[in-house]
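For reference, the chains in residue letters:
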Amino acid sequence: MSHDKVESLRKQLDEINLQLLELINKRATIVQELGGEKSKQGVNKFDPERERQMLNLIVENNKGPFKDDAIRHLFKQIFKASLDLQKDDGKKVLLVSRKKQAEDTVLTIKGVEFGGKAPILIAGPCSVESYEQVRAVAENHVKQGLRVLRGGAYKPRTSPYDFQGLGVEGLEILKRIGEEFNLVTISEIVTPADLELATQYIDVIQIGARNMQNFELLKAAGRLNHPILLKRGLSATIEEFIYAAEYILSEGNQQVMLCERGIRTYEKATRNTLDISAVPILKQETHLPVFVDVTHSTGRRDLLLPTSKAGLAVGSDGIMVEVHPDPDVALSDAKQQLDIPSFNKYLEELIASGLYKSEQLISR
Ligand code: PEP
Ligand code: MN
């Protein structure tokens, strides 16, 4: 075959490719138009009977050299791509998504910016056990210039025989201390019936890992006008986590923050596996503040500092860590809470790392 002949055949192929391109795109436009009509009429876009008719007509008219099977395969791909195109069209942009809101959501609570320029440390005991216990932590917060205090009043425990929390009495302690020390308080609520009441006691309502897909709780939290900190479920994918946050926003409450707290894997060296890459993914995909809970993810005191640094280095808006005046006698998570001197050392080292800016520290 002469060089000229090859060139001429190649030219013909290029032309046919372009014609095919134009035709399949023209076909796609008609499919989209048809999809629009079907939506208006409320009928399903995928019609297997119609697909079968189209394939039969094509195969009946097939003169080769392609075999019928090959033709069927090729056209099925074209049908599928056209159908997928319609799915993309209809995909709802989530309220939590960066596509919906390009700028970061910043929540200002008692003058503290969550998701703002400076990272925040959310620290406090696992459980609220007594006024004196929480007060000891709060006094240290003020000395260290911290503004955000956590403490569980309702504890969703693995065993029903473990300490379940002080309930409303715990919320009362948090309210009293929050007011006395001008601290932002965060506590978990586990049932929709307690949400409304909780807004009178605490500044941020936490929805814990075990309730991340408690959709009735999420919807009820969505009907509040109160900040919510939503933790990732133990076995939840990032997509499921994002949809859980969407439940809250879809009901009207836009004051939502996310918290990566480790997921369950086969690894036993840590209590859970901290999914550090979830942080930049959540920051990219959503406009919500993202925190990293280093206590429940690692379950190890020796890992609190390095994982806090990691969390801040990958762009989290802050860290959650547990501190207790006397962890040995704590009613929950005794093993991994820091005592106050160790907490202060941890804080000092975190500041020295340069990752935790002291802008939020009011009395330094
Ligand atoms: C907590 O923060 O007190 C807690 C129980 O955490 P998680 O829901 O992440 O297990
Ligand atoms: Mn705990």
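Let me begin by describing the structure that accompanies this report. A quick note: this is a predicted structure, and the numbers were derived from the prediction, not measured.

In the vicinity of ligand 1, the contacting residues are Arg150, Lys155, Glu188, Gln206, Gly208, Ala209, Arg210, Lys231, Arg261 and His296. Here Arg210 contributes a side-chain N or O atom positioned 2.8 Å from an oxygen atom of ligand 1. Arg261 places a polar side-chain atom, nitrogen or oxygen, 2.6 Å from an oxygen atom of ligand 1. By residue class, the composition of the shell around ligand 1 is one nonpolar, three polar and six charged.

For the rest of this paragraph, the subject is the sheet that holds strand E10 (residues 318-322). Within the closed barrel, the eight strands sit side by side as E3-E4-E5-E6-E7-E8-E9-E10. Their pairing is parallel. The mean angle between the axes of side-by-side strands here comes to 25°, regardless of whether they run parallel or antiparallel. Looking at chain direction, strand E7 (residues 228-231) and strand E8 (residues 256-260) are connected through four bridges and run parallel. Bridge assignment links Ile228 to a residue of E8, and that residue is Val256. Sheet contacts for helix H5 (residues 168-181): strand E4 (148-150) and strand E5 (184-188); angle to E5, the most-contacted strand, approximately 170°. Sitting on the sheet, helix H11 (residues 304-313) is in contact with strand E9 (290-293) and E10, with an inclination near 160° to E10.

Listed as protein donors to the manganese ion (ligand 2) are Cys126 (SG), His296 (NE2), Glu322 (OE), Glu322 (OE) and Asp333 (OD); their distances from the metal cover 2.0 to 2.7 Å. Positions of the donor residues of the manganese ion (ligand 2) along the chain correspond to the pattern C-x169-H-x25-E-x10-D. Residue His296 is located in helix H10 (residues 294-298), and its partner Glu322 is located in strand E10; the two are separated by 26 residues in the primary sequence. In this structure His296 comes out as buried when scored by relative accessible area, which is 9%. Residue Glu322 is classed as buried on the basis of its relative accessible area of 0%.

So, about the nonpolar core. Membership of the largest hydrophobic core comes to 65 residues, with the highest contact counts inside it found for Leu121, Leu230, Leu258, Val321, Phe343 and Tyr346. It is helix H8 (residues 238-250) that provides the largest number of residues to this core, a total of seven residues. Ignoring anything within four residues of it in the chain, the contact list for Tyr346 reads Leu121, Val294, Leu304, Leu305, Ser308, Ile319, Val321 and Leu338. Counting 15 residues, the second-largest nonpolar core is a separate cluster that includes Ile120, Val184, Leu229 and Met257.

Before going further, it helps to spend a moment on the packing of helix H4 (residues 131-144) against helix H12 (residues 340-352). Following both chains from N to C, one finds H4 and H12 inclined at 30°, their axes separated by 11 Å at the closest point. Taken together, the axes of H4 and H12 are roughly parallel relative to one another. Considering only the axes of H4 and H12, their crossing is right-handed. Contact residues: H4 offers Ala136, Val137, Asn140 and Gln144, while H12 offers Ile340, Phe343, Asn344 and Leu347. Per-class residue counts for the contact of H4 with H12 are five nonpolar, three polar and no charged.

Two quantities define a packed helix pair, namely the angle between the axes and the distance from one axis to the other. Between H4 and H5, the least distance of the axes is 10 Å, while the angle of their chain directions is 25°. Of the possible angle classes, the one that applies to H4 and H5 is roughly parallel. By crossing handedness, the relation of H4 to H5 is classed as right-handed. Contacts between H4 and H5 involve Tyr131, Val134, Arg135, Ala138, Glu139 and Val142 on the former and, on the latter, Ile173, Leu174, Arg176, Ile177, Glu180 and Phe181. Within the contact of H4 with H5, the residues separate by chemical class into eight nonpolar, no polar and four charged.

Buried within H11 we find Leu304, Leu305, Thr307, Ser308, Gly311 and Leu312. Structurally, H11 contributes buried residues whose contacts are with helix H9 (278-285), E9, H10, E10 and H12. Trailing H11 by a residue or two, Gly315 shows a phi angle of about 100°, which is positive.

What follows is about the environment of Arg176. Inspection of the secondary structure puts Arg176 in helix H5. Spatially, the C-alpha atoms of Arg176 and Val290 are 28 Å apart, while their sequence positions differ by 114 residues.

Below, the discussion takes up unusual backbone geometry. Put simply, Gly64 and Pro65 share a cis peptide bond, and its omega is 10°. For Asn182, which is not glycine, the phi torsion reads 50° and is therefore positive. Examined against the element boundaries, Asn182 turns out to sit in the loop between H5 and E5. The phi dihedral of Asp333 falls on the positive side, at around 45°, and the residue is not glycine. As for its placement among the helices and strands, Asp333 is situated in the loop between E10 and H12. Look at Asp333 and you get buried, because its relative accessible area is 14%.

A separate point is the pairing of E10. Summarising burial for E10: five of the five residues are buried, a large majority. Bridging between strand E3 (residues 120-124) and E10 involves five bridges; their strand directions are parallel. Paired with Leu121 across the bridge in E10 is Ile319. Sheet topology places E9 next to E10; three bridges connect them, and they run parallel.

On to the packing of aromatic side chains. Under the counting rule described, the total for this entry stands at four aromatic pairs. Between the aromatic rings of Phe75 and Phe79, the centroid separation amounts to 6.5 Å while the plane-to-plane angle is 65°, which identifies the pairing as edge-to-face. Here Phe75 pairs with Phe79, and both are found in helix H3 (residues 68-90), just four residues apart, close to one helical turn. Under the relative-accessibility criterion, Phe75 is labelled partly exposed at 28%. By relative accessible area, which is 6% here, Phe79 ends up buried. With 6.1 Å between their ring centres and 55° between their planes, Phe114 and Phe291 make a pair best called tilted. Taken together, the positions of Phe114 in strand E2 (residues 112-114) and Phe291 in strand E9 put the pair 177 residues apart, joining distant regions of the chain.

Basis of the calculations
Residues numbered from 1 in each chain as written. Chains lettered and ligands numbered in written order. Predicted model: local features only at pLDDT ≥ 70, side-chain atom pairs only at ≥ 80, totals over all residues. Heavy atoms only, no water. Near = heavy atom within 4 Å. Polar contact = N/O pair within 3.5 Å; in protein donor to acceptor, adjacent residues only side chain to side chain. Nonpolar A, V, L, I, M, F, W, Y, C, P; charged D, E, K, R; others polar. Pairing = 2+ DSSP bridges. Helix = DSSP H or I, 4+ residues; strand = E, 2+ residues; numbered from the N terminus. Axes fitted to C-alpha atoms, helices over the stretch in contact; angles between N-to-C directions. Contact = heavy atoms within 4.5 Å. Donors = N, O, S within 2.8 Å, 3.2 Å for Na, K, Ca; no water. Buried < 20%, exposed > 50% of the residue type's maximum accessible area, 1.4 Å probe, protein only. Core = buried A, V, L, I, M, F, W, Y, C linked by side-chain atoms within 4.5 Å. Parallel < 35°, antiparallel > 145°, perpendicular 65-115°, else oblique. Left-handed = near helix turned anticlockwise from the far one by under 90°. Phe/Tyr/Trp six-rings, centres within 6.5 Å; stacked < 30°, edge-to-face > 60°.

Everything listed is a geometric property; what it means functionally is a separate question.
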